[in-house]
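Here's the letter readout for the chains.
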Amino acid sequence: MDLSVVVPAYNEAESLPELAGWIDRVCSGAAIDYELIIIDDGSSDNTWDVLRQLAAGNGRIRAVRFRRNYGKAAALQTGFEASAGAVVITMDADLQDSPDEIPELVRMVREEGYHIVSGWKKKRYDPFIKRTTSKLYNYTARKFSGIKLHDFNCGLKAYDGEVVRSIEVYGEMHRYIPMLAREAGFRNIGEKVVQHRARKYGVTKYGLDRFLKGYLDMLTISFITRFGKSPMHLFGTMGTLMFLTGFVLAAYLGIRKLVFVYHNLRAPLVTDSPWFYIALAVMIIGSFLFLTGFLAELVNRRSPDRNRYLIREKLNTRV
Ligand code: UDP
Ligand code: MG
């Protein structure tokens, strides 16, 4: 199988027949042996009926239906697990991405050896507010991740099949697949300017909360990639610094008291100084950070890396 096209669909009944027909035309025209995997993400319209009809008419179409709306990331992950193609392309169901891009994307992955080719909607047909926030968002994502992409969130992306079958996408992490992939060791990430069109049928499935959630997920990812394997490095450092600061403060107060007493001077009570309480608080917080670090390490030990994420190839060996 040359290609798996993975399409998450949430209430996209009107778009799907057109999309499936178009993908079929393009792939047949370019002699690409493909499968189309559509995930019905708990739609409340008749998306599933439409998929049933489409699958009955074309053996290359496969479909999965979720029990409820789990989100685009879960839909993609399920599609990835079901995929068999040497190349995997993800695409939105709403006809904003053009299937005409498929042959070139497949060529770039197969012949130019890219692990990921991300679409770049250089000219966008989206509302003003979304275009602006998206620019800001992409700028931050570039700074955070060091990956030079213009359009992290583009639904149209092509992957070497091995990439998507060795990462795990969940939550709202579909926006950060390039970062997850790079973390898993796939560093050859490219970009292709793609055509973009206004949504033809239906409405967008996201509200303004996508921006907040997007940023939180970005923090999670940069935390996990930097400290996920050794949380103690973060918590231990912070805990040690705080505890030491508090300890030095407390020691200073204690020694000062002793010096006063030694010289038979009337010393103020240690508890009269605000620094005493600050020292106390800082030491307690420091200890708890330390404990958090230990707990995180314990949790880590119980969930070791699954081998499929680590291993690239094997010779004469079983793992
Ligand atoms: N989608 C999904 N589950 C969701 C939300 C969206 O599968 O909970 C799909 C949706 O059907 C579409 C793609 O994700 O195929 C992108 O969604 P949308 O076009 O609404 O996002 P936008 O283009 O506004 O970023
Ligand atoms: Mg869309």
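A.B. asks: Outline the environment of V194, listing residues and values.
C.D. replies: Following the sequence through the fold, V194 ends up in the loop between β7 (189-193) and α8 (209-227). The class for V194 is buried, based on a relative accessible area of 5%. Residues V194 and F211 lie 17 residues apart in sequence; the distance between their C-alpha atoms is 23 Å. Ignoring any residue separated from it by four or fewer positions in sequence, one finds V194 in contact with E101, G119, W120, K121, K122, C154 and L156.

A.B. asks: Can you tell me about the environment of F186, naming the residues and giving the values?
C.D. replies: Within the secondary structure, F186 sits in the loop between α7 (177-183) and β7. Once you skip the residues sitting within four places of it in the chain, F186 turns out to touch H115, E162, V163, S166 and A181.

A.B. asks: Explain a nonpolar patch on the surface to me, and be specific about the residues and the numbers.
C.D. replies: Together, Y277, L280, I284, F288, L291 and F294 make up a nonpolar patch on the protein surface, roughly 620 Å² of accessible area in all. Relative to the assigned elements, F294 resides in helix α10 (residues 274-302). In this structure F294 comes out as partly exposed when scored by relative accessible area, which is 47%.

A.B. asks: Please give an account of the confidence of the model for the protein that cites residues and values.
C.D. replies: With 98% of its residues at a pLDDT of 70 or more, the protein has an overall mean of 91. Element-level mean pLDDT values for the protein span from 60 in helix α11 (residues 307-310) up to 98 in strand β4 (residues 87-90).

A.B. asks: Now, about the nonpolar core: what can you tell me, with residues and values included?
C.D. replies: Core analysis: the biggest nonpolar cluster contains 36 residues, and L3, L16, I23, L36, I89 and I102 have the highest contact counts within it. Those elements that provide at least two residues to this core are β1 (3-9), α1 (15-29), β2 (34-40), α2 (47-57), β4 and α4 (102-111). In terms of residues, this core owes the most to one element, α1, which gives 7 residues. In this structure, L3 is in contact with C27, I32, D33, Y34, E35, G85, A86, V87, I89, I102 and V106, ignoring residues within four places of it in sequence.

A.B. asks: An account of unusual backbone geometry is requested, with residue identities and associated values reported.
C.D. replies: One non-glycine residue, A31, adopts positive backbone phi at about 55°. Tracing the backbone shows A31 in the loop between α1 and β2. Classification of A31 by relative accessible area gives exposed; the value is 67%. The phi torsion at N316 lies on the positive side, around 45°, for a residue other than glycine.

A.B. asks: Lay out the site of ligand 1 in plain terms, naming residues and giving numbers.
C.D. replies: Looking at ligand 1, there are 18 residues lining it, with E12, D41, D94, T204 and K205 nearest. Within the backbone of Y10, one N or O atom sits 2.8 Å away from an oxygen atom of ligand 1. Separating an oxygen atom of ligand 1 from a side-chain N or O atom of Q96 is a distance of 2.9 Å. Here ligand 1 has 530 Å² of accessible area as a free molecule, and 94% of this is covered by the chains.

Reading guide: rules and limits
Residues numbered from 1 in each chain as written. Chains lettered and ligands numbered in written order. Predicted model: local features only at pLDDT ≥ 70, side-chain atom pairs only at ≥ 80, totals over all residues. Heavy atoms only, no water. Helix = DSSP H or I, 4+ residues; strand = E, 2+ residues; numbered from the N terminus. Buried < 20%, exposed > 50% of the residue type's maximum accessible area, 1.4 Å probe, protein only. Contact = heavy atoms within 4.5 Å. Patch = residues over 30% accessible without salt bridge, like charges linked within 9 Å, V, L, I, M, F, W, Y side chains within 5 Å. Areas by Shrake-Rupley, 256 points an atom, 1.4 Å probe, with all protein chains shown as cover. Salt bridge = Lys/Arg side-chain N within 4 Å of Asp/Glu carboxyl O. pLDDT = per-residue confidence, 0-100. Core = buried A, V, L, I, M, F, W, Y, C linked by side-chain atoms within 4.5 Å. Near = heavy atom within 4 Å. Polar contact = N/O pair within 3.5 Å; in protein donor to acceptor, adjacent residues only side chain to side chain.

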